[in-house]
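One letter stands for each residue in the lines below.
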Amino acid sequence: MNPNQASSLQCALLLFTLLVSGCTEKKVDSRTKDFALIKKLVPYDVTMEAPMQGDWLFEHKEQGQNFEQYAKSAPVSPNASQKNIYLQPIGIFNEREDKIIHYTAEYLEIFFDLKTIVLPAVSDSIIPGTARRTREEGYEQLLTGYILDSVIAKSIPKDAIVVMGITQKDLYPAEAWNFVFGQARLKKRVGVSSFVRFHEGELSADNFDLCLERFIKTSAHEIGHMFSFKHCTHAVCVMNGSNSLYETDERPNRLCSECLKKLYWNLGFDVKTRMLALQAYFKKHKLTRDYDLQTRDLGL
Ligand SMILES: [Zn+2]
Ligand SMILES: [Zn+2]
């Protein structure tokens, strides 16, 4: 190696070092900026009211999960080869129901900042009689555990980080339970939910927006679990447990600051860009309460 070659190698190394340290600093800068923005949302955390009989927290004594506990829990996290969210419709969906599923995918793609893919629907005949029951009122329910462990978990696409089944029928998690809106595994990357209870009667133009508002909430909640979130007890939040439609309706489509910090730490999106995209989504789909809250958050 002659002196000229040596000095050009040194220059190249210096340039490389500068570029790498420049990128790292940029990354550190943006993370500091994003964490600072999330911190500004702390005053908007709404304290949860003391649980009343029938509420989720009245019946389930949960401790919640703060940022440090979450970070230490080795949560499910996307990587270069497993980074897409998949939705697997199970059953026969009409055009309007199909729209709910696709608008939900659009929302989840913004909420988690991960590509969200709707798979072709499969028949619910794959669920055996032992994993179904018919209620006195005449409607049929499907057993969540079977769907999670014997259907969804058996066919997770290679590039999926999480998969959520969406059934056209109501769900139950065990004989003793009346129903659930959804259920997910904290470490196995699978979940299932249903919007059959969200349109109270035939899904129509009149109840479509309400059904969408409720289903995007349930879907974000269940997929939050799939990213190893436990129920939130920190403040009013989409990750609060829910025992009823009343409790579900009480909370907005919004994470509290503690849960947003957890999600950001895990997924690393641009916080402001995500807020703007959520605001645009709520406006497009006429979800006024969520739009108003997001607009207020953006005013910081
Ligand atoms: Zn839950
Ligand atoms: Zn929360």
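One structure accompanies this document, and this report is about it. Since we're looking at a predicted model, the values are computed, not measured. (Residues numbered from 1 in each chain as written. Chains lettered and ligands numbered in written order. Predicted model: local features only at pLDDT ≥ 70, side-chain atom pairs only at ≥ 80, totals over all residues.)

Things to note about the sheet that holds strand S4 (residues 140–143)
Stage number 1. One open sheet holds the three strands; their spatial order is S3-S4-S6, and the pairing between them is mixed. The sheet is open, and its two borders are formed by strand S3 (132–134) and strand S6 (170–172), each paired with just one other strand. Within the sheet, the average angular offset between the axes of one strand and its neighbour, ignoring direction, is 35°.
Stage number 2. Examined bridge by bridge, S3 and S4 share three bridges and lie antiparallel to one another. The residue bridging arginine 133 from the neighbouring strand is glutamine 141, located in S4.
Stage number 3. Packed on one face of the sheet, helix H5 (residues 144–152) meets S4 and S6 and runs near 45° to S4. (Pairing = 2+ DSSP bridges. Helix = DSSP H or I, 4+ residues; strand = E, 2+ residues; numbered from the N terminus. Axes fitted to C-alpha atoms, helices over the stretch in contact; angles between N-to-C directions. Contact = placed C-beta atoms within 7 Å.)

Let's talk about unusual backbone geometry
Peptide bonds are, in most cases, trans, and in most cases residues other than glycine have a negative phi.
Stage number 1. Even without being glycine, aspartate 113 reaches a positive phi, approximately 55°.
Stage number 2. Locating aspartate 113 in the fold gives a position in the loop between helix H4 (95–111) and strand S2 (116–118).
Stage number 3. A residue is classified by how many C-beta atoms lie within 10 Å of it, and aspartate 113, with 18 of them, is partly exposed.
Stage number 4. In this model, glutamate 200 sits at a positive phi of 35°, which is unusual for a non-glycine residue. (Buried ≥ 20, exposed ≤ 12 C-beta atoms within 10 Å, placed from the backbone.)

Comments concerning the pairing of S4
Stage number 1. The loop that links S3 with its antiparallel partner S4 comprises five residues; one of these, glycine 138, has a positive phi angle of about 105°.
Stage number 2. When S4 meets S6, the two strands line up parallel, connected through three bridges. Within the sheet, the bridge partner assigned to glutamine 141 lies in S6 and is aspartate 170.

Focus: H4
Stage number 1. Here H4 is 17 residues long and its end C-alpha atoms lie 24 Å apart, about the 24 Å a rise of 1.5 Å per residue gives.
Stage number 2. All of the buried residues in H4 are Glu97, Ile100, Thr104, Ala105, Tyr107, Leu108, Ile110 and Phe111.
Stage number 3. Buried positions along H4 lie against strand S1 (84–90), S2, helix H6 (208–226) and helix H9 (271–284).
Stage number 4. Immediately downstream of H4, the backbone of aspartate 113 shows phi near 55°, a positive value. (Expected span 1.5 Å × (residues − 1).)

Quick look at the packing of H4 against H9
Stage number 1. Two elements in contact, H4 and H9, have axes whose closest approach is 9 Å; the angle formed by their N-to-C orientations is 160°. Taken together, the axes of H4 and H9 are roughly antiparallel relative to one another. Here the hand of the crossing between H4 and H9 comes out left-handed. Each of Glu106, Tyr107 and Ile110 in H4 lies in contact with H9, whose residues at this interface are Arg274, Ala277, Leu278 and Tyr281.
Stage number 2. Its residues placed into classes, the contact of H4 with H9 shows five nonpolar, no polar and two charged. (Parallel < 35°, antiparallel > 145°, perpendicular 65-115°, else oblique. Left-handed = near helix turned anticlockwise from the far one by under 90°. Nonpolar A, V, L, I, M, F, W, Y, C, P; charged D, E, K, R; others polar.)

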